[in-house]
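Spelled out from the first residue to the last, the chains are:
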Amino acid sequence: LGFVSHSMSLNVPFRENPEKILVDKTLPPNASRNRLDEYAKILKVNGTFREGTQVISLQSEDLIFGVEIGKVSGDVRYLVQNRPDDTLDSPDKLPSDEEAVMIATQFLKDNNIYPEGAAFRKTEQEYERSTDKNGTEIRHAGRIVVWFGRTLNNLDVKGTQLYVEIGGNGDVIGYLANWREYMPTKELPIKSPEAAFEDLKQEGLRTSQESPSISITNVTLAYRTKAGAYEEEYLEPIWIFSGTATADKTSSESVSKYIPALTGESVKSLTS
């Protein structure tokens, strides 16, 4: 959806950038029964063990509580099927965002599942919603989702998924961790931001506006991990380009895009 624009300018002060980056190899996922049992103990899930083609799981007999580990990435998910609940998780029973962050952080640390490199990023309030006859929004059952990000080798790891869902009275009603393990391999050459910008212009940048003028005002080096359903050979270095797309004086929007940072020869050396 939207429009792809190739008209853009790089408006970032030139600074000295690294010519190489440390690339980490992705280690095989741990989707063992022992690890599943450890999480089941933390999350107080008792029930039936199941093994499918993609996940192993423990499911309570009433099918309300479940914990699963993905075989592809080792990602862990905890589900409570009957929450949010209209009575237990009404808006007046939910904690504040600040309280939810404290509860989620303490939950991770107390259970030794607060990984190195993790840091709080944001909260999201999710509610079931309806409107009255006057069109006024009414909030019903909800939860506070506390998101944590990741840094590795002093760089952000984009695509990381680590969150704790907090319900009424501070209950933990959901958890997800797509947190792969890595082993440093070697430093490899990367594209300059100027070379990566040329790639960006070739690919174009999608916006909601037709024929906008795009000004790139920030360029950042980072890593990008894949979603838990996808295999990953190594942690990919990327350049992140962000800025503003403007179609006229009254219409503008923030835009960003990831561009692979490794040179072609670096990629070949990894995949070989």
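Relevant structure appears above.
The structure displayed is predicted, hence computed values, not measured ones.

A. Quick peek at the overall build of the chain. Across its full length, the chain carries 4 helices and 17 strands. Sorting the 272 residues of the chain into buried and exposed places 41% on the buried side. A separation threshold of at least 6 residues defines the contact pool for the chain, and within that pool the share at least 24 residues apart is 62%. Accessible surface for the chain amounts to roughly 15,100 Å². Of this, 47% is attributable to carbon and sulfur atoms. Looking at charge distribution, the chain has the averaged site of its 31 positive side-chain charges lying 3 Å from that of its 41 negative ones.

B. Summary view of the packing of aromatic side chains. Scanning all chains against the criterion turns up 6 aromatic pairs. Taking 5.9 Å as the distance between ring centres and 85 degrees as the angle between the ring planes, the aromatic pair formed by Tyr114 and Phe148 counts as edge-to-face. Taken together, the positions of Tyr114 in the loop between helix 2 (97-110) and strand 8 (118-131) and Phe148 in strand 9 (residues 137-152) put the pair 34 residues apart, joining distant regions of the chain. Taking the relative accessible area as the measure of exposure, Phe148 reaches 2% and is therefore buried. Centre to centre, the rings of Phe120 and Phe148 are 6.5 Å apart; their planes meet at 80 degrees, and the pair counts as edge-to-face. Of this pair, Phe120 sits in strand 8 while Phe148 is found in strand 9, placing the two residues 28 residues apart along the sequence. When its relative accessible area of 37% is taken as the criterion, Phe120 is described as partly exposed. By the ring-pair criterion, three or more aromatic residues cluster together here, those being Tyr39, Phe107 and Tyr175. Taking NZ or CZ as reference, Arg33 lies 4.3 Å from the ring centre of Phe49, over its face.

C. Summary view of empty space enclosed by the protein. Here the structure, examined in full by the defined rule, presents 1 cavity of 30 Å³ or more. In this model, the largest cavity occupies a volume close to 120 Å³. Lining the largest cavity we find 10 residues, and of these Val12, Pro13, Asn17, Pro193 and Val219 sit closest to its centre. A breakdown of the residues in the lining of the largest cavity according to their chemical character gives 7 nonpolar, 1 polar and 2 charged.

D. How the structure looks around the layout of surface pockets. Counted as a void, the largest pocket has a volume near 500 Å³. Along its surface, the largest pocket is lined by 29 residues, and Pro115, Arg150, Trp179, Arg180 and Glu181 are the ones closest to its centre. Those elements that place two or more of their residues in the lining of the largest pocket are helix 1 (33-43), strand 9, strand 12 (172-178) and strand 13 (182-189). With 3 residues, strand 9 is the largest single contributor of residues to the lining of the largest pocket.

E. Molecular detail of the nonpolar core. The biggest cluster of nonpolar side chains holds 32 residues, and the ones touching the most others in it are Leu43, Val67, Phe107, Val164 and Tyr175. Beyond its immediate chain neighbours, meaning those up to four positions away, Val67 contacts Leu36, Tyr39, Ala40, Leu43, Val45, Ile56, Ser57, Leu58, Val76, Arg77 and Tyr78. Listed in part, the 29 residues of the second largest apolar core include Phe197, Phe241, Ala245 and Leu262.

F. Examining the pattern of salt bridges more closely. For the structure on display, the rule yields 18 salt bridges. Put simply, Glu68 and Arg77 hold a salt bridge, and the shortest N to O gap is 3.9 Å. Look at Arg77 and you get partly exposed, because its relative accessible area is 29%. Across the pair Arg129 and Glu137 runs a salt bridge, and its minimum N-O distance is 2.7 Å. The partly exposed category is assigned to Arg129, whose relative accessible area is 41%. Looking at Glu137, the relative accessible area reads 44%, which means it is partly exposed. Several salt bridges share partner residues, and in doing so they unite Arg83, Asp89 and Asp171 into one network.

G. Here's a closer look at the environment of Lys25. For Lys25, the position within the fold is in strand 3 (residues 20-26). Lys25 gets classed as partly exposed once you look at its relative accessible area, which sits at 38%. Along the backbone, Lys25 and Glu236 are 211 residues apart, and their C-alpha atoms lie at a distance of 9.4 Å. Not counting residues within four places of it along the chain, the set of residues in contact with Lys25 comprises Glu181, Tyr182, Met183, Thr185, Glu233 and Tyr234.

Quick notes on the rules
Residues numbered from 1 in each chain as written. Predicted model: local features only at pLDDT ≥ 70, side-chain atom pairs only at ≥ 80, totals over all residues. Heavy atoms only, no water. Helix = DSSP H or I, 4+ residues; strand = E, 2+ residues; numbered from the N terminus. Buried < 20%, exposed > 50% of the residue type's maximum accessible area, 1.4 Å probe, protein only. Contact = heavy atoms within 4.5 Å. Areas by Shrake-Rupley, 256 points an atom, 1.4 Å probe, with all protein chains shown as cover. Lys, Arg positive; Asp, Glu negative; His and termini not counted. Charge placed at Lys NZ, Arg CZ, Asp CG, Glu CD. Phe/Tyr/Trp six-rings, centres within 6.5 Å; stacked < 30°, edge-to-face > 60°. Lys NZ or Arg CZ within 6 Å of the ring centre and 35° of its normal. 1 Å grid on protein atoms, 1.4 Å probe; cavity = no way out; pocket = protein on both sides within 12 Å on 5 of 7 lines; lining within 4 Å. Points joined across faces, edges and corners; volume = space filled by probe spheres on them. Nonpolar A, V, L, I, M, F, W, Y, C, P; charged D, E, K, R; others polar. Core = buried A, V, L, I, M, F, W, Y, C linked by side-chain atoms within 4.5 Å. Salt bridge = Lys/Arg side-chain N within 4 Å of Asp/Glu carboxyl O.

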